[in-house]
Amino acid sequence: MPYTSFAVAGAGPTIGGRTVQALINRGASVVVLARPGSTSTQSPLLEGAKIATIDYADVTAVTSILREHNVEVVISALAYGALPAQTPLADAAKAAGVKLFVPSEYGMPTEGGKVGHLVLKSQFADYIHSLGIPVMRIYNGLFMEFIPWLTGVELGKFHLTGVLSLMSGINFADRPLLTGFIAHVLTTLPSSSLHDATFRIQGERISLAAIGALYEARNPPVPVAHVTELPEGFTKQTFLQGQFAEGRGSSGWDNFLDKDVPEDADSGNKAWEGHKWKSVKEVLGL
């Protein structure tokens, strides 16, 4: 049987709030775990969900909330800076008898990752497994909506670093696609098929060079600037463009083999039969 009762931690507008909305639209029972002082609780995306204001570090209190609402699945949509809070959430999930944990992935494949946030996410999944809780991971590459941020479009140019970044295929998905997919598989597929499952999805596989060409062709055009380094302050963008230049922006990237397996990049798409997957051009209006 599919799952029907969920808790979502990190209900901001990027992923968590949209996931809550998608689950509610499917008739699921959802409790939002909100930290004290969170402004996300006023979001219309959470309409229909129960709100529990709680300190994530208080394992006993979180356990009580999960039990009170008969939560079967905990979904984490915590941002990078809050990822350490997943550990006490996992401890509470174990104590409450939660059946599945969906960790905050939603990007490049992290299993076997050796750099940056990939290591942190991979280590957390190992910790969840050590508790005996099944995990469901979703890799979707980069959000299409983040492309202007990645390339500094707000500065009037589409900035690209490195030669390889011109050629490497990157997987992109729009945010409604990801959150809709999460809600679909959790409320439609048999629970047994979700345990320790990894879904690799893509809306479109396209290179940064091809996206740059779309920007140059729009009206008014945004010229492509090939640079040796990105503007000052673009620390995260520099890291990501470097990863993408090596092909690691693909949902099919295998960190153990240290190479892209393109045929795996959209292997999870089949779990949402009949869905129309949008292109970068459609989502960004190019």
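Described below are features of the structure shown in this document. (Residues numbered from 1 in each chain as written. Predicted model: local features only at pLDDT ≥ 70, side-chain atom pairs only at ≥ 80, totals over all residues. Heavy atoms only, no water.)

Notes on the pattern of salt bridges
Next, step 1: Considering all chains together, one arrives at seven salt bridges under this definition.
Next, step 2: With a closest N to O distance of 2.4 Å, aspartate 260 and arginine 205 form a salt bridge. Of this pair, aspartate 260 sits in strand S14 (residues 259-260) while arginine 205 sits in strand S11 (residues 204-207); the two residues are 55 residues apart in sequence, bridging distant segments of the chain.
Next, step 3: By sharing partners, the salt bridges in this structure join Glu105, Glu111 and Arg137 into a single network. (Salt bridge = Lys/Arg side-chain N within 4 Å of Asp/Glu carboxyl O. Helix = DSSP H or I, 4+ residues; strand = E, 2+ residues; numbered from the N terminus.)

Some points on the sheet that holds S11
In a beta sheet, neighbouring strands are held together by backbone hydrogen bonds and run either parallel or antiparallel to one another.
Next, step 1: Taking strand neighbours across the sheet as the criterion, the three strands line up as S7-S9-S11 in an open arrangement whose pairing is mixed. Edge positions in the open sheet fall to strand S7 (142-143) and S11, since each of these has one partner strand only.
Next, step 2: Against the sheet, helix H8 (residues 208-217) engages strand S9 (169-173) and S11, with an angle of about 85° to S11. (Pairing = 2+ DSSP bridges. Contact = heavy atoms within 4.5 Å. Axes fitted to C-alpha atoms, helices over the stretch in contact; angles between N-to-C directions.)

Thoughts on the sheet that holds strand S4 (residues 73-76)
Next, step 1: An order of S3-S2-S1-S4-S5 is seen for the five strands of this open sheet, with the pairing classed as parallel. Because the sheet does not close on itself, it has two edges, and the strands there are strand S3 (50-53) and strand S5 (100-102). The average undirected angle you get between the axes of adjacent strands in this sheet is 20°.
Next, step 2: In the sheet, strand S1 (residues 5-9) pairs with strand S2 (residues 29-34) via five bridges, with the strands oriented parallel. In the strand pairing of S2, valine 8 is matched with valine 32.
Next, step 3: Across the sheet, helix H2 (residues 59-68) touches S1, S2, S3 and S4, and the angle it forms with S2 is around 165°.

Some words on the pairing of S2
Next, step 1: Buried residues dominate S2, accounting for five of its six residues.
Next, step 2: The sheet contact formed by S2 and S3 spans four bridges and is parallel. Note that in S3 the partner of leucine 33 across the bridge is alanine 52. (Buried < 20%, exposed > 50% of the residue type's maximum accessible area, 1.4 Å probe, protein only.)

Remarks on helix H1 (residues 16-25)
Next, step 1: Residues of H1 that are buried include every one of Gly16, Gly17, Thr19, Val20, Ala22 and Leu23, and no others.
Next, step 2: Residues of H1 that are buried in the fold lie against S1, S2, S4 and helix H7 (175-188).
Next, step 3: Just beyond H1, the residue with positive phi is glycine 27, at close to 85°.

A closer look at the environment of glutamate 204
Next, step 1: Its location among the elements puts glutamate 204 in strand S11.
Next, step 2: Sequence-distant contacts of glutamate 204, defined by excluding residues within four places in its chain, comprise Met144, Ile170, Asn171, Phe172, Lys278, Ser279, Val280 and Lys281.
Next, step 3: Of the polar contacts made by the side chain of glutamate 204, one reaches the backbone nitrogen of valine 280; its length is 2.7 Å. (Polar contact = N/O pair within 3.5 Å; in protein donor to acceptor, adjacent residues only side chain to side chain.)

A short note on the environment of isoleucine 170
Next, step 1: Structurally, isoleucine 170 is set in strand S9.
Next, step 2: On the basis of relative accessible area, isoleucine 170 is assigned to the buried category, the value being 1%.
Next, step 3: Taking the C-alpha atoms as reference points, isoleucine 170 and glycine 252, 82 residues apart in sequence, are found 9.6 Å from one another.

Things to note about the side chain of glutamate 105
Next, step 1: Take glutamate 105: it is sitting in the loop between S5 and helix H4 (116-131).
Next, step 2: Note on glutamate 105: relative accessible area 4%, which makes it buried.
Next, step 3: At a separation of 2.9 Å, a polar atom in the side chain of glutamate 105 contacts the side chain of threonine 110.
Next, step 4: Every residue in contact with glutamate 105, bar those within four places of it in the chain, is listed here: Thr110, Lys121, Arg137, Ile138 and Tyr139.

Overview of the environment of asparagine 269
Next, step 1: Along the chain, asparagine 269 turns up in the loop between S14 and helix H10 (280-284).
Next, step 2: Residues asparagine 269 and leucine 83 lie 186 residues apart in sequence; the distance between their C-alpha atoms is 27 Å.
Next, step 3: If sequence neighbours within four positions are ignored, asparagine 269 has contacts with Arg200, Ile201, Gln202 and Trp277.

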